[in-house]
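Listed below, chain by chain, are the residues.
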Amino acid sequence: MSDLDSAHARPAGVSDDAVAATGKLSEMLERIERARGALYEFHQLMGGADAMLDDVVDLLRKDGRPEWADRIETEILGRNVLEGRWSFQVVEEFDDTYYGPLRDTERALREDLVGGRRHVFEAEMKQARRTHGHPAHTATP
C-alpha cells in the first residue's frame, strides 16, 4: 500500500483485526455523532418551540381568554422535557455520560493500536478499490 500517505498508512506490524476493530469503533462513533446532532436538533427545536409560547399567551390574553393563557403559561411554558430536565440538561448528561467517554476511548484505542491514525481501514479500502493511473482515482490530493 505504498501510495497511502503517512497519516493513513498502517503502522508496521499492525494486524488486519486491529485495523478492522479501530475502523469499526470509529464508524460506531460516527453514528453516535449523528445521534448527538439529532439530540442537539431536538434541544434547539424544543427551546424555539417553548419561546413561541410567549406569543401564544400574549395573543390569548389580547383576545380576552385569560383562562387559556394561564393554563398554557402554567402547564406547558417552561415544562421539563424529561423529569427534572430541560433539553439542555439532557444534552449535557448525554455528553458527560456517554459521548465523552466514547470519544476518549475511541481515540485511546487508535493511539494504542494504529499510532493514532484515523481512517486506516478506509484508506486501505480506497487503495484496493481505486483504478491506478486514472486521473479521478489518485491516491492523495
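Details of the structure are given in the entry above.
In short, a report on the structure. None of the values given here were measured: they were computed from a predicted structure.

## Some points on unusual backbone geometry
- One non-glycine residue with positive phi stands out, namely His119, at about 55°.
- For His119, the location among the structural elements is in the loop between helix H3 (87-114) and helix H4 (120-129).
- Assessed through its relative accessible area of 36%, His119 is described here as partly exposed.

## Overview of the packing of helix H1 (residues 16-62) against helix H2 (residues 66-75)
- Following both chains from N to C, one finds H1 and H2 inclined at 160°, their axes separated by 7 Å at the closest point. Viewed along their axes, H1 and H2 adopt a mutual orientation that is roughly antiparallel. For the pair H1 and H2, the sense of crossing is left-handed. On the side of H1, the interface is formed by Leu53, Val56, Val57, Leu60 and Arg61, while H2 contributes Pro66, Trp68, Ala69, Asp70, Ile72 and Glu73.
- Residues belonging to the contact of H1 with H2 are distributed by class as follows: eight nonpolar, no polar and three charged.

## Considerations on the pattern of salt bridges
- In this structure the tally under the stated criterion is 12 salt bridges.
- Across the pair Glu73 and Arg61 runs a salt bridge, and its minimum N-O distance is 2.8 Å. Placement of the pair is Glu73 in helix H2 and Arg61 in helix H1, with a sequence separation of 12 residues.
- Judged by its relative accessible area of 35%, Glu73 is partly exposed.
- Taking the relative accessible area as the measure of exposure, Arg61 reaches 35% and is therefore partly exposed.

## A word on the packing of H1 against H3
- Taken N-terminus to C-terminus, the directions of H1 and H3 make an angle of 165°; their axes are 10 Å apart at the nearest point. One finds that H1 runs roughly antiparallel with respect to H3. In the crossing of H1 with H3, the sense of the turn from one axis to the other is left-handed.
- A per-class count over the contact of H1 with H3 returns 21 nonpolar, five polar and six charged.

## Brief notes about H4
- Among all positions in H4, only Val120, Ala123, Glu124 and Gln127 are buried. Down the axis of H4, the buried side of the element spans an arc of 95°, and every buried residue falls inside it.
- Buried residues in H4 make contact with H1 and H3.

## Side note on the environment of Ala12
- Of note, Ala12 is situated in the segment before H1.
- Exposure remark for Ala12: the relative accessible area of 82% places this residue in the exposed category.
- A sequence separation of 102 residues divides Ala12 from Val114, and the C-alpha atoms of the two residues are 9.1 Å apart.

## Some points on empty space enclosed by the protein
- One pass over the structure, following the stated rule, counts one cavity of 30 Å³ or more.
- Considered as a void within the structure, the largest cavity measures approximately 50 Å³ in volume.
- As for the largest cavity, its lining consists of Val19, Thr22, Gly23, Ser26, Arg110, Val114, Arg117, Arg118, His119, Val120, Phe121 and Glu122.
- Listing elements by their share of the lining of the largest cavity, those giving two or more residues are H1, H3 and H4.
- Top element by residues in the lining of the largest cavity is H1. It accounts for four residues.
- Classifying every residue of the lining of the largest cavity by side-chain character gives four nonpolar, four polar and four charged.

Conventions and cut-offs
Residues numbered from 1 in each chain as written. Predicted model: local features only at pLDDT ≥ 70, side-chain atom pairs only at ≥ 80, totals over all residues. Heavy atoms only, no water. Helix = DSSP H or I, 4+ residues; strand = E, 2+ residues; numbered from the N terminus. Buried < 20%, exposed > 50% of the residue type's maximum accessible area, 1.4 Å probe, protein only. Axes fitted to C-alpha atoms, helices over the stretch in contact; angles between N-to-C directions. Parallel < 35°, antiparallel > 145°, perpendicular 65-115°, else oblique. Left-handed = near helix turned anticlockwise from the far one by under 90°. Contact = heavy atoms within 4.5 Å. Nonpolar A, V, L, I, M, F, W, Y, C, P; charged D, E, K, R; others polar. Salt bridge = Lys/Arg side-chain N within 4 Å of Asp/Glu carboxyl O. Arc of directions from axis to C-beta. 1 Å grid on protein atoms, 1.4 Å probe; cavity = no way out; pocket = protein on both sides within 12 Å on 5 of 7 lines; lining within 4 Å. Points joined across faces, edges and corners; volume = space filled by probe spheres on them.

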